[in-house]
Amino acid sequence: MLKPQDIVVLLKLVHHPSDWTYSALAKSLGMSASEVHAAVERASSAMLFDKHRRVVLKGNLLEFLEHGVKYAYPAQLGPISRGMATSLAASPLQATTSVLFGDDTPVWPAAHGRERGPEVTPLYKSVPEAASRDPQLYKLLALVDAIRVGRARERGQATKLLREALVHP
């Protein structure tokens, strides 16, 4: 059975060369090498990753993200806190919406964050730190959060942008 951190690992690997190592990937994601290895094994069993070619099966991943992620890993909105903008308040969706967020900016709780708003439980505890080091990963994770917390219109826009990001980086 997939775990939320498996999605984080897959999103990191989407645009990564196939010569990665478990330890390097683990370090970049703030996970242990054994967690990353287990994530790859589960993703392979779920037909989201091809272990032989060491590539993400992007079509399958997109299908799961579009139709399953909001049910498998629903976002929990919490109290107002300091953090890193996600979902509709993060790039690239921020540019497509005319909403002024103020204190409604959804955030991942993070001490280094500059925004204030309701907390969105990240897929994995190290997501804010990993996303702050990798803009491409940040973009993908924010789009996934828009699918997890957004209304139909926002989910549709996030899915369109996610499809473009996965297919045409």
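Small disclaimer: the values here were computed from a predicted structure and weren't measured.

About the criteria used
- Residues numbered from 1 in each chain as written.
- Predicted model: local features only at pLDDT ≥ 70, side-chain atom pairs only at ≥ 80, totals over all residues.
- Heavy atoms only, no water.
- Pairing = 2+ DSSP bridges.
- Helix = DSSP H or I, 4+ residues; strand = E, 2+ residues; numbered from the N terminus.
- pLDDT = per-residue confidence, 0-100.
- Contact = heavy atoms within 4.5 Å.

Chemist: Is there a simple way to think about the pairing of strand β3 (residues 77–85) in this case?
Modeler: The side chains of a regular strand alternate, first on one face of the sheet and then on the other. By the bridge criterion, five bridges tie β3 to strand β5 (residues 115–120) in an arrangement that is antiparallel. The residue bridging Ser81 from the neighbouring strand is Gly117, located in β5. Sheet analysis places β3 next to strand β4 (residues 107–109), joined by three bridges and oriented antiparallel. When the bridges of β4 are listed, Ala85 appears paired with Val107.

Chemist: I tried to follow the confidence of the model for the chain on my own but got confused; where do I start?
Modeler: Segments scoring low in pLDDT should not have their predicted coordinates read at a detailed level. Per-residue confidence for the chain gives a mean pLDDT of 89, with 91% of residues at or over 70. When pLDDT is averaged over each element of the chain, helix α3 (residues 33–45) comes out on top at 98 and helix α6 (residues 93–96) at the bottom at 59. With pLDDT under 50 throughout, residues 98–102 is counted as low confidence; its partners more than four residues away or in other chains account for four contacts.

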